[in-house]
Protein chains: 2
Amino acid sequence: MSETPQLENIPEDTGKGLSNGMDTKQKEELELAAVYVSDAQHNRNIFFETQPQAVRLYLLYNHWLLVVLLYFFIIVNLLLAVVEQPALLPVPTWASMLVELVCLSVFSGRLVHYAKVIPRDKFWKDPKNLCILVILLLTLVDMIIYGALKATDIYSVRWSRVFRPLLLVNFTEGRQLRRAFRSIRNALPQILSVFLLFIFSILIFSLMALKLFGKRGLKTNSGKPYFTNFLEIVFDLYVLVTTANSPDIMMPAYNASSFFAVFFVIFILINTYIFMSVFLAVVYNNYKKYLKEEVRQLVRTKRHKMVRAFAILQERREGLEEPVVSHASWNQLVRLVQADLSHAHRELLWSVADQHNQGYIGKLAFVQLADLLNIQVIAVKSRPHPLQRWSPSLYLSTPSRWLCRAVQHRVFVMVYDVIILVNAVFIGLDEEDPLIRNSEWFFLALYLLEILLKLYAMEPRAFYSRHNFWNWFDTIIIVSALVATIINTAMTSVGGYSSRQILDIVFTLRVLRLIRVVDSIKRFRVIINTLIKIGPTMLTFAQLIIVVYYIFAMVGMELFQGRIQFFDSDSPGKHSCGNPALQDSSFAQLNYCKNNFNNVVSSFILLVELTVVNQWHVLSSGFTAVTHPSARLFFILFHIIVVIIIINIFVAFVLEAFFVEYTLEKSLLHTSLEKRIQELGVAQDDLGPPNLVDAMETTDNNLRTGEPQTRLMFKISSTRYRTVDSLLQRMFEADLDPEDFGGEDDPEESSNFNFSNPVFSSI
Amino acid sequence: MSETPQLENIPEDTGKGLSNGMDTKQKEELELAAVYVSDAQHNRNIFFETQPQAVRLYLLYNHWLLVVLLYFFIIVNLLLAVVEQPALLPVPTWASMLVELVCLSVFSGRLVHYAKVIPRDKFWKDPKNLCILVILLLTLVDMIIYGALKATDIYSVRWSRVFRPLLLVNFTEGRQLRRAFRSIRNALPQILSVFLLFIFSILIFSLMALKLFGKRGLKTNSGKPYFTNFLEIVFDLYVLVTTANSPDIMMPAYNASSFFAVFFVIFILINTYIFMSVFLAVVYNNYKKYLKEEVRQLVRTKRHKMVRAFAILQERREGLEEPVVSHASWNQLVRLVQADLSHAHRELLWSVADQHNQGYIGKLAFVQLADLLNIQVIAVKSRPHPLQRWSPSLYLSTPSRWLCRAVQHRVFVMVYDVIILVNAVFIGLDEEDPLIRNSEWFFLALYLLEILLKLYAMEPRAFYSRHNFWNWFDTIIIVSALVATIINTAMTSVGGYSSRQILDIVFTLRVLRLIRVVDSIKRFRVIINTLIKIGPTMLTFAQLIIVVYYIFAMVGMELFQGRIQFFDSDSPGKHSCGNPALQDSSFAQLNYCKNNFNNVVSSFILLVELTVVNQWHVLSSGFTAVTHPSARLFFILFHIIVVIIIINIFVAFVLEAFFVEYTLEKSLLHTSLEKRIQELGVAQDDLGPPNLVDAMETTDNNLRTGEPQTRLMFKISSTRYRTVDSLLQRMFEADLDPEDFGGEDDPEESSNFNFSNPVFSSI
């Protein structure tokens, strides 16, 4: 591509620069390069065809509207479980099936679109696509069979519902989730070793327990024979590993002789403490290992894409051996990739890339662009307060300025902390007392006053800028509380009754207000910030959990629906959960009847209880009693998959993320960007209340020099990662070679990169 | 020190070399150097006086007999709790007090000895010593008061018993433990931040629960009002974090409306999963950080001591700028430090130190000696089988050699694995059947035969060498099982009855036999080996736990003794644990009466149950019911200290140790020692059954060449660390600078090193 000097003169922000003075070929090439950069930035990994037509189709494929639509229909498809039998909100079968058909057609459309974007042979080689295709076909077959059987009134099972969450995994957008599943799958062989050893240990202990306790004629607390059946012992000891039946399972033996406590202490030490720690260690280590390999692959693929974009834009300069990219092409490219970037921001990024101010950059600097775009830079326009513009003399009068200073003072924050504490006491006191009830208005007024004062002292747009979490939080909570309280009072005074729901909301909002204290204590803020930082990545785990929960919920509903009933009123079946098999069982005695698989919501809540582990043996014994002893396998399997594997991975991830926060310095790129911002003197040190003073000083300075103009300030938001991948990449950054461009121009190898992601097709 | 060439001619292993031809001065200097090296090797950190008299006293102080004696009396002192009121085995007060007086005098003697070894001012500056002194004095005062009050029949409390475990921490020998406590103490501020935030979160949720559920008139399963008292709610939600009362605490609200489940799910997500993971992360990270600092200090102190030893032995050679140590001095030194080292082993170590075979070594190589001595090198004498010596023709005949080969074959191992599995089935079957009962003799005979065959095929001393864990395990288990079975049969046939205790032992041994299978499966062996490797370090945690348990047991016994009674027979108080306050409580209903603080053994078992966490709220509610609601604080404190802090540190340690095993290469020193062993051709690749063949081959070769002589082979035992410190040092090796000798000759700084260990004086 030759130089295009005429572009340099295009006024900024016209947005039409691309169509002027450029032939179609150049434009198409630029578009292709932009797609590469965008793919690299978002770690998309699709081997699309590079004809201009296909590129446009590909751009459409990645359009946020289509992606949102896909997710919307995936969620609708998953939510169908709410209205299908056994339903929470029953609707006619034809209605839910119609919706499902719509979903299926959307998924098929998406798949066809994808098939048009990538080469035919690549499409059929990718197991992801085959997997989606098979799921769609199976679902269709299942729907037809179900519809036919339903029409002839024969009982049938919608077995294809189990596959629904797999769509979430297999569509191209479920990258994070697919990666998590892949890492788990790769770690499985190692986990299996420990698991087998663990099972062996339980079997040995069970055999010993059988020999030691079986013949003594001991009874459990409920009068059943103690430790006489080998399989029961194995189950009881497995439950003991989860600590759910401790110390009950020990008491009969311990009551017989204190010496027997030794058996249980050793058992718990070995199986609960040592083996469970080893599980965590093995899961942690293997998951990390494979994740690291994945991230390495990811980064290489990303760099490879950037190299391709570079190859398109590169030009030769006199006196330079290596090809370079000019400022102008770079500018066009970035404008195309991220249209919402301000001119100043773009110039800032360029100055980081072109450190020696040469007007062009080499490959190494160009490749960084994808990462550079992922660093969240906050542009803050420092401008005068609207009141100042409206009436400068009033706003800048001594009392007004004194007020502003007072609001920014530490004492102001402390006064409000005390108010919150007093408020907490009032909330805790009895609502019936009219003094207490009316005090609510007083506190509401105080909080409103606080927000208004802060808005007076600070420029509103800065106050409500996107990253001032606590300001948003405050305002929303207070305004909602105000509205809810007014509605509640109106209803009480007009109708003479208060709605329980609205009261609940009022109470909840009132308590939530207190959380604000956390922000004013520094040692808490650090922890909260770290948690917020790793928040987005935790969402991957949320998806993972939902996929597993959904599958277990579907299977559980088919196996156990209707067997256990919950009766709200005092019906005769209330104390046996509507099933004679549960008469006098601890399940019914503990009032667990509502923990059943009768609809998708109670199934999910039951699965949460099983994840928490405690009393899971009682829950499982309930379902075993109403079906068959082998139903235990369902619960054991759930425990192994969710508690031993997924929860451990979650813990491992939190640990790793915290260590990264504790130990890692900022990345090199971060540092050089930050340095540049400092050098250019456009640094905004911090945001939020503690820096109100700074903001004011700037305003003052502007005023003193008589320039009330808007000034753009920058700040790197180190508190969040734009994508999960950025966090992962940062975790393993130390192990990555910055010069490794990943296979460069070798088509064989590069196609490897594009299809290096094996697919997760079955659990 | 000048060269002492005459020493070179001393025949090895005479042991008298030191007194010949050396003046007293030289001998004393050598002794001092040996003490430095020995201190460095064992990481002792005592600033002893260097006069010859003091050095001898110091050597006596470190004598293993005195150390064992000290530990013996510390254990006796701790075990006094068994016989003191409330006693498991009551003895007269004067008897236990007499024993305690003996213990106190031994401790005082040890302290006086220590005071004589180190300079007077150093002694008084060290808080360890002051702490011991104070404990001794307080104990004495307590004994006098208690004796006097006891004589006048007034109830009194032996409060000084709480201090007993602190002796374990404060005596110089409790280094590991002191380090663990110090690391915990240093990590506390960080942990406290998270803890406060966590408590804040519980308070907010409690307040919300009070407002949401308090006024609905809900009842718990036992009919009590649900969530009406704020402090009760806080406790209930704290228990929910430990998951012990899930899902019971949720059921009343959940039964009222499914929406309320959201409150509990969010609570568990935030507090149980996120906060507990953050606790683990913070504890892990801080503990590691401080431990690393400690290890760095340790290594620097060690090197500093080695530099001092070097300074004593060093001599100047012509043509060399730096002073060196000659082979002869080095030899004398090592012989003095570790008298049981064979000549060949010593030569091997020298050849590692003196890599270029120069006859002398510099400071850097000399400093390595302490680490070199800590690498466990196994010297194996490969010698012919005794039977071969006794009758070579018979032992080397074709059938005999065929037998040997058969025993070493893989199939032999597999046959015995199958036998073990069949045996497991027989053990599980009913003992009453005479066929099953008699099969035991058959299996015992098979196992005996196996051991005899292996002994036939392998040289007995090699078979029973110190590191063949499984051979020892097998033999001990089988022989004990044989003896116990014979006794049991004899008793049955003679007296017509069988002793339950002996039968228990027989059964246990029979099942333990099955564990052997683990060793023949490679994937299991790897995990077991790692566990065995970190075993010794886990003992530090065992001590830590014992110290904390002991203190809580003592306090618990004073607070709760006799309040809850366990009745073996059907006495009227059985169903209320002898206390009317427990009538109809879940504590009594669940038959927990034996979980009490009535003696030290049941206290410890109760504390184990509290560590396991499950049902701890029921246990604590029992003790609350018989005393006062504030008794809960005791249980909450125990939970915070043991479960949140110590167990998390334990998990962190296991994780870290596993990662070291997974990722770390052998240390540099290990590698060079191993290389040397290979070069010298004295490598013994592996021990135990898999390498019986190799051993045989060597024997064969020796025979073929007609040299049935004993040959010394070496092998580095990578499976164990001689000291806990070595494991720790290896963990953090990557961060240590090998050239950092730690303060060298600056007396100020060096005294810092010697007293760098702050002491743990209070919990």
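Cut-offs applied
- Residues numbered from 1 in each chain as written.
- Chains lettered and ligands numbered in written order.
- Predicted model: local features only at pLDDT ≥ 70, side-chain atom pairs only at ≥ 80, totals over all residues.
- Heavy atoms only, no water.
- Helix = DSSP H or I, 4+ residues; strand = E, 2+ residues; numbered from the N terminus.
- Buried < 20%, exposed > 50% of the residue type's maximum accessible area, 1.4 Å probe, protein only.
- Contact = heavy atoms within 4.5 Å.
- Areas by Shrake-Rupley, 256 points an atom, 1.4 Å probe, with all protein chains shown as cover.
- Axes fitted to C-alpha atoms, helices over the stretch in contact; angles between N-to-C directions.
- Parallel < 35°, antiparallel > 145°, perpendicular 65-115°, else oblique.
- Left-handed = near helix turned anticlockwise from the far one by under 90°.
- Nonpolar A, V, L, I, M, F, W, Y, C, P; charged D, E, K, R; others polar.
- Disulfide = S-S within 2.5 Å.
- Salt bridge = Lys/Arg side-chain N within 4 Å of Asp/Glu carboxyl O.
- Buried area = accessible area lost by both parts, 1.4 Å probe.
- Least-squares fit on C-alpha atoms with pLDDT ≥ 70 in both.
- Expected span 1.5 Å × (residues − 1).

Helix and strand content of chain A: 33 helices and four strands. Burial statistics for chain A: of 763 residues in total, 53% are counted as buried. The contacts of chain A with a sequence gap of at least 6 include a subset with a gap of at least 24, amounting to 75%. Approximately 34100 Å² of chain A is accessible, and the part contributed by carbon and sulfur atoms is 63%.

This part is about the packing of helix 1 (residues 24-41) of chain B against helix 12 (residues 327-337) of chain B. Residues and elements named next belong to chain B. Where helix 1 meets helix 12, the closest approach of the two axes is 9 Å, and the angle between their N-to-C directions is 60°. Taken together, the axes of helix 1 and helix 12 lie oblique to each other. You can see that helix 1 and helix 12 cross each other, and the crossing is right-handed. From helix 1, Leu30, Glu31, Ala33, Ala34, Val37, Ser38 and Gln41 reach across to helix 12, where they touch Ser329, Gln332, Leu333, Leu336 and Val337. Looking at the contact of helix 1 with helix 12 residue by residue, the class counts come to seven nonpolar, four polar and one charged.

Turning next to the state of the cysteines. All names here are of chain A. Inspection of the entire model under this criterion finds two disulfides over all chains. At a sulfur-sulfur separation of 2.0 Å, the disulfide partner of Cys577 is Cys593. With the S-S bond torsion at -70°, the cross-link from Cys577 to Cys593 turns out left-handed. Here Cys593 lies in the loop between helix 26 (586-589) and helix 27 (600-612) and Cys577 lies in the loop between helix 25 (522-560) and helix 26, a separation of 16 residues in the sequence.

Positionally, Leu291(B) belongs in helix 11 (residues 261-313). C-alpha separation for the pair Leu291(B) and Arg179(B), spaced 112 residues apart in sequence, amounts to 7.7 Å.

So, on to the pattern of salt bridges. Once the charged atoms of two side chains with opposite charge are near each other, the side chains can pair. Counted according to the given criterion, the structure contains 46 salt bridges over all chains. For Glu31(B), the salt bridge is made with Arg56(B), and the minimal N-O distance between the two is 3.0 Å. You can see Glu31(B) sitting in helix 1 and its partner Arg56(B) sitting in helix 2 (residues 52-61), a full 25 residues away along the chain. As a salt-bridge pair, Glu459(B) and Arg461(B) come within 3.7 Å of each other at their nearest N and O atoms. Arg461(B) sits in the partly exposed class, given a relative accessible area of 47%. Through salt bridges with shared partners, one network takes in Glu84(A), Glu100(A), Asp142(A), Arg158(A), Arg161(A), Arg164(A) and Glu558(A).

The subject of this paragraph is the interface of chain B and chain A. With 89 residues of chain B in contact, the opposing surface of chain A contributes 90 residues. Counting the surface lost from both chain B and chain A, the interface buries some 8200 Å², and carbon and sulfur atoms represent 67% of this. Seen at the junction of chain B and chain A, the total is two salt bridges. Here Arg216(A) and Asp504(B) are joined by a salt bridge, their closest N and O atoms 2.5 Å apart.

Below, the discussion takes up the relation of the copies chain B and chain A. When chain B is brought onto chain A, the operation consists of a screw motion whose angular component is 180° and whose axial shift is 0.0 Å, with 0.1 Å RMSD remaining. What the rotation and shift describe, once combined, is the action of a two-fold rotation axis. Comparing contact sets, 100% of the residues at the interface of chain B also lie at the interface in chain A, consistent with an isologous, same-surface contact.

The next subject is unusual backbone geometry. All names here are of chain A. Cis rather than trans, the peptide bond between Gln85 and Pro86 has omega equal to -10°. Position of Pro86 among the secondary structure elements: in the loop between helix 3 (64-83) and helix 4 (93-117). The linkage connecting Ser246 with the following residue, Pro247, adopts the cis geometry, with an omega of -5°. You can see Pro247 is positioned in the loop between helix 9 (230-241) and helix 10 (251-256). Within the chain, Asn43 stands out as a residue other than glycine whose phi angle is a positive 55°. Mapped onto the elements, Asn43 comes out in the loop between helix 1 (24-41) and helix 2 (52-61). Residue classification places Asn43 among the buried residues on the basis of a relative accessible area of 4%.

Residues and elements named next belong to chain A. By the element assignment, Val422 lies in helix 19 (residues 410-428). By relative accessible area, Val422 is classed as partly exposed at 36%. Taking C-alpha positions, Val422 is 9.5 Å from Phe443, a pair spaced 21 residues apart along the chain.

Residues and elements named next belong to chain A. When you line up the elements, Thr139 lands in helix 6 (residues 127-151). Owing to a relative accessible area of 5%, Thr139 belongs among the buried residues under this scheme. With sequence-adjacent residues up to four places away left out, Thr139 is seen in contact with Glu100, Leu104, Arg158 and Ser160.

All names here are of chain B. Taking 1.5 Å as the rise per residue, helix 6 (residues 127-151) with 25 residues should run 36 Å; its terminal C-alpha atoms sit 36 Å apart, in good agreement. Those residues of helix 6 lying buried are Lys128, Asn129, Cys131, Ile132, Ile135, Leu136, Thr139, Asp142, Met143 and Tyr146. Those residues of helix 6 hidden inside the fold are in contact with helix 4 (93-117), helix 5 (120-125), helix 7 (164-170) and helix 8 (175-213).

Shape is all these values report; function is a separate question.
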